Amino acid sequence: MANTKVLAVLALLQVLSLHVHAVSAANHKPSASGTCRVSGVLHGKSGKCKKLNGSDCCVEGHKYPQFRCSPPVSAKTPATLTLNSFEKGKDGGGPAFCDHRFHKDSTMVVALSSGWLRLDGTSRCGKMVRVTANGRSVLAKVVDECDSVNGCDEEHNFEPPCPNNVVDGSPAVWKALGLKESLGEVKVTWSDV
C-alpha cells in the first residue's frame, strides 16, 4: 500500500514537472498564433536618463516585462517603428551592438528587438531589412539591438527593456518613409531582404 502511494506521488511530480517545463518553454518561443509571451520582469532603477526622441525612463521599483523571443518573421512582419539616434552622445547609448560604431542620423540604420536580432537563431547583424510604412518602403542596415531583456542601467540610457516587436529607426529611415518624427512611434511592417 505504501509503495502504491509513493508511485502515485512520483507520477504526479513527473506530470507537474512536465507541465512546468512546457509552460516555461511556451514563454520563450512564439506560439502557433504568432505571439511571444513575457519571459520575466526587470525591477526598475532610475538614473540619468537622456530624454531624447521621447525616451521612456525607468521608474525606481517598477516592474518591466522582459522578452527572450519576438513574433515570427514573415514577408510582412508587423512591428512598431520607433525613433532613435545612433550618434555618439545621443539617446542610443553606446556604440551599436553589431559593429561597435556610432552612425550619423543621416544613415539608413535600424536596431531590432532582441528576438529578431539574434535570439530566433538567425543573426541579422549587418544585414539589410525592408521597412514599409505610409505607402513607402526603404532598405536599412541592421546595426544594433533594441534590448528586450536588459535595461534600467547606464548602458541602456536608464530606459526599460524594449518590447519584443520594435524596429528602432534612425531619423533618415523616418524621413525616407515620409513620417513625422514628432509621432515617436508608428505601426510598420518589415522583412528580411
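Note that the structure is a prediction, hence the values are computed from the model and not measured. (Residues numbered from 1 in each chain as written. Predicted model: local features only at pLDDT ≥ 70, side-chain atom pairs only at ≥ 80, totals over all residues. Heavy atoms only, no water.)

Colleague: Account for the sheet that holds strand β6 (residues 136-146), naming residues and giving values.
Modeller: Taken together, 6 strands build a closed barrel; the order of strands is β3-β7-β4-β6-β5-β8 and the barrel is mixed. The sheet shows a mean angle of 45° between the axes of neighbouring strands, direction not considered. Where strand β5 (residues 128-133) lies against β6, 6 bridges are found, and the strand directions are antiparallel. Bridge assignment links Ala 133 to a residue of β6, and that residue is Arg 136. (Pairing = 2+ DSSP bridges. Helix = DSSP H or I, 4+ residues; strand = E, 2+ residues; numbered from the N terminus. Axes fitted to C-alpha atoms, helices over the stretch in contact; angles between N-to-C directions.)

Colleague: Residue-level account of the nonpolar core, with values.
Modeller: Among the nonpolar cores identified, the biggest contains 21 residues, and Val 131, Val 167, Leu 177 and Trp 190 are the most heavily contacted of them. The contact partners of Val 131, leaving out residues within four places of it in the chain, are Arg 136, Ser 137, Val 138, Val 167, Leu 177, Val 188, Thr 189 and Trp 190. The next biggest cluster of nonpolar side chains, apart from the first, holds 8 residues, and it includes Ala 96, Val 109, Cys 146 and Val 166. (Core = buried A, V, L, I, M, F, W, Y, C linked by side-chain atoms within 4.5 Å. Buried < 20%, exposed > 50% of the residue type's maximum accessible area, 1.4 Å probe, protein only. Contact = heavy atoms within 4.5 Å.)

Colleague: Report on the pattern of salt bridges, specifying residues and quantitative values.
Modeller: Oppositely charged side chains may form a pair once their charged atoms are brought near each other. Inspection of the entire model under this criterion finds 3 salt bridges. Across the salt bridge formed by Asp 192 and Arg 124, the nearest N and O atoms sit 2.7 Å from each other. Within this pair, whereas Asp 192 is found in strand β8 (residues 185-192), its partner Arg 124 is found in the loop between α2 (114-119) and β5, the two being separated by 68 residues in sequence. (Salt bridge = Lys/Arg side-chain N within 4 Å of Asp/Glu carboxyl O.)

Colleague: Got a sec to walk through the pairing of β8? Specific residues and values, please.
Modeller: Sheet analysis places strand β3 (residues 77-83) next to β8, joined by 6 bridges and oriented antiparallel. Note on β8: the bridge partner recorded for Thr 80 is Lys 187. By the bridge criterion, 4 bridges tie β5 to β8 in an arrangement that is antiparallel. Directly across from Val 129, in β8, lies its bridge partner Asp 192.

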